[in-house]
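Descriptive analysis of the structure
Chain residues, written in single-letter form:
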Amino acid sequence: MECIFCNIAKKKVDAAIVYEDKDIIAFKDIHPLAPVHILIIPKKHIASINDVEESDAGLLGNMIIVGKKLAKDLGTADGGYKLLFRTGKHGGQEVGHIHLHLIGGAALHEEIRPLNVEWERK
Ligand code: AMP
Ligand code: ZN
């Protein structure tokens, strides 16, 4: 199994872990984009949001709850933050094991628009 995030979940690869329960683990992003940048992952391998099943609804809900708790613990709840799943090539997903980004601790760029300027708002 050559999935880096599975290996973090199994403690075969080091990470700065900030939360863990039986299904979920959260750790600091190795290349933080902001003062708070945490990745919240399920311990079980799910490649992308495209691969999520209805039976995963509780797991995904719990990942959001972990995001909320960590935002408070890390002092960014009041100021605000983003919880973000990138999905696939256009979404900018680089690691093929779903991860919920918690990004905060500073005012963040709004930018989520397409790179391609041919797109027009209807
Ligand atoms: P994404 O582009 O949404 O797939 O995000 C992948 C994120 O994983 C990036 O922000 C990387 O900096 C982060 N990342 C990759 N490898 C590691 C690692 N070994 N430990 C912590 N974060 C990592
Ligand atoms: Zn994995």
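The structure under discussion appears in the preceding block.
Note that this is a predicted model, so its numbers are computed, not measured.

**Quick notes on the overall build of the protein chain**
When its secondary structure is counted, the protein chain shows three helices and five strands. When the helices and strands of the protein chain are read in sequence order from the N terminus, they spell out α-β-β-β-α-β-α-β. Relative to the compact-globule value of 14 Å for 122 residues, the protein chain shows a C-alpha radius of gyration of 15 Å, a close match. For the C-alpha atoms alone, the extent of the protein chain along its principal axes is close to 45 × 35 × 25 Å. The 122 residues of the protein chain split such that 21% are buried. Considering only contacts in the protein chain between residues 6 or more positions apart, those separated by 24 or more positions represent 56%.

**Quick look at helix H2 (residues 57-73)**
Since the α-helix turns once every 3.6 residues, residues separated by three or four places project in the same direction. Helix length check: H2, at 17 residues, gives a terminal C-alpha distance of 24 Å against a target of 24 Å (1.5 Å per residue), a fit within 8%. Where H2 is buried, its residues contact strand S1 (17-20), strand S2 (24-28), strand S3 (36-42), strand S4 (81-84) and strand S5 (100-104). In the segment just after H2, Gly75 is the residue with positive phi, at about 80°.

**Quick notes on the pairing of S3**
For S3, the buried fraction is high: six of the seven residues fall into the buried class. Sheet topology places S3 next to S5; five bridges connect them, and they run antiparallel. When the bridges of S5 are listed, Ile40 appears paired with Leu100.

**So, the nonpolar core**
Counting 20 residues, the largest nonpolar core has Ala26, Ile38, Ile40, Ile41 and Leu102 as its most contacted members. Those elements that provide at least two residues to this core are helix H1 (4-9), S2, S3, H2 and S5. A total of five residues in this core trace back to one element, the largest contributor, which is S3. What Ile38 contacts, discounting residues up to four positions off in sequence, is Val18, Ala26, Phe27, Lys28, Asp29, Leu70 and Leu102.

So, how was this worked out
- Every chain begins its residue count from 1, and numbering advances along the sequence as written.
- Written order determines the labels here, with chains lettered from A and ligands numbered from 1.
- Reporting in this predicted model follows two pLDDT cut-offs: at least 70 for local features of residues, and 80 or more for side-chain atom pairs to be given and counted; totals over whole chains, interfaces and linings ignore these cut-offs and use all residues.
- For helices the rule is a DSSP run of H or I covering at least 4 residues; for strands it is a run of E covering at least 2, with both sets numbered from the N terminus onward.
- When we talk radius of gyration, it's over C-alpha atoms, and the globule rule is simply 2.2 Å times the number of residues to the 0.38.
- Exposure is read from a count of other C-beta atoms within 10 Å of each residue's own; the residue is exposed at 12 or fewer, buried at 20 or more and partly exposed in between. C-beta atoms are placed from the backbone.
- Any two residues are considered in contact once their C-beta atoms, placed from the backbone, lie within 7 Å.
- A helix is expected to span 1.5 Å for every residue after the first.
- Think of it this way: DSSP has to see at least two bridges between two strands before they count as a pair.
- The term nonpolar core refers to a set of buried Ala, Val, Leu, Ile, Met, Phe, Trp, Tyr and Cys residues connected through C-beta atoms within 7 Å.

The values reported here are purely geometric and, on their own, carry no functional implication.
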